[in-house]
Amino acid sequence: MAITVRFFAAAHEAAAGKDSVQYEPGTLESVVDRCVIDFGEKMSDLMPACSFLLDGVSMNDREAQIPDGAIVDVLPPFSGG
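In this numbering scheme, every chain counts its residues from 1 along its sequence in written order. Where local features are concerned, this predicted model is filtered to residues with pLDDT of at least 70; where side-chain atom pairs are given and counted, the filter is 80 or more; whole-chain, interface and lining totals use all residues. Excluded from the side-chain calculations are hydrogens and water; all other atoms, namely the structure's heavy atoms, are used.

A. Summary view of the packing of aromatic side chains. Planes of paired rings set the category: under 30 degrees apart is stacked, over 60 is edge-to-face and the rest tilted, where pairs are Phe, Tyr or Trp rings (Trp by its six-membered ring) whose centres lie within 6.5 Å. A complete count under the given rule lists 1 aromatic pair for this structure. The interplanar angle of 80° and the centroid separation of 5.7 Å between the aromatic rings of F7 and F39 together place this pair among those described as edge-to-face. Highlighted residues: F7 in strand β1 (residues 3-7) and F39 in helix α2 (residues 28-39), separated in sequence by 32 residues. Here's how the labels work: a residue is buried when its accessible area is under 20% of the maximum for its type, exposed when over 50%, partly exposed in between, all with a 1.4 Å probe on protein chains only. For F7, a relative accessible area of 3% puts it in the buried group. Each helix is a run of DSSP H or I of at least 4 residues and each strand a run of E of at least 2, with the numbering of both proceeding from the N terminus.

B. Fine view of α2. Expected helix span is given by 1.5 Å per residue-to-residue step, counting one fewer step than there are residues. Its 12 residues give α2 an end-to-end C-alpha distance of 16 Å, which sits within 8% of 16 Å, the value for a rise of 1.5 Å per residue. Taken as a whole, α2 has its buried residues at L28, V31, V32, C35 and F39. Viewed along the axis of α2, the buried residues span an arc of 100°, placing them on a single side of the element. Backbone geometry just after α2 places G40 at a positive phi near 80°. The arc in question is traced by the directions running from the helix axis to the C-beta atoms.

C. The sheet that holds strand β2 (residues 20-23), seen in detail. Across the sheet, 5 strands lie side by side as β2-β1-β5-β3-β4; this open sheet has mixed pairing. Each edge of the sheet is formed by a strand with only one pairing partner; in this case those strands are β2 and β4 (57-59). For this sheet, the mean inter-axis angle between neighbouring strands, taken without regard to orientation, is 30°. Any two residues whose heavy atoms approach within 4.5 Å are treated as being in contact. Only the stretch in contact is used when fitting a helix axis, every axis being a line fitted to C-alpha atoms; angles between N-to-C directions are given from 0 to 180 degrees. On the sheet, α2 packs against β1, β2, β3 (51-54), β4 and β5 (71-75) and is oriented at approximately 120° with respect to β2. We treat two strands as partners when DSSP finds at least two bridges between them.

Nothing here speaks to function; it is geometry throughout.
Written out as structure tokens, the structure reads:
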């Protein structure tokens, strides 16, 4: 059983250049915690500002369960002009 967590922009950099990782299913909060444990201070600093998508749909409830096989996208704030 696994979910895929994909990192974009600054989250990709904070994840040591990894495009994605796989974790066991759990809550969004447990996924955030695991990312911080695995990637450290840069990820910890970034996560409060991130948005998340669950299979392409915005996800804000950190207690929501993520089902087996799901894809979670970690989206930091984007800037541009």
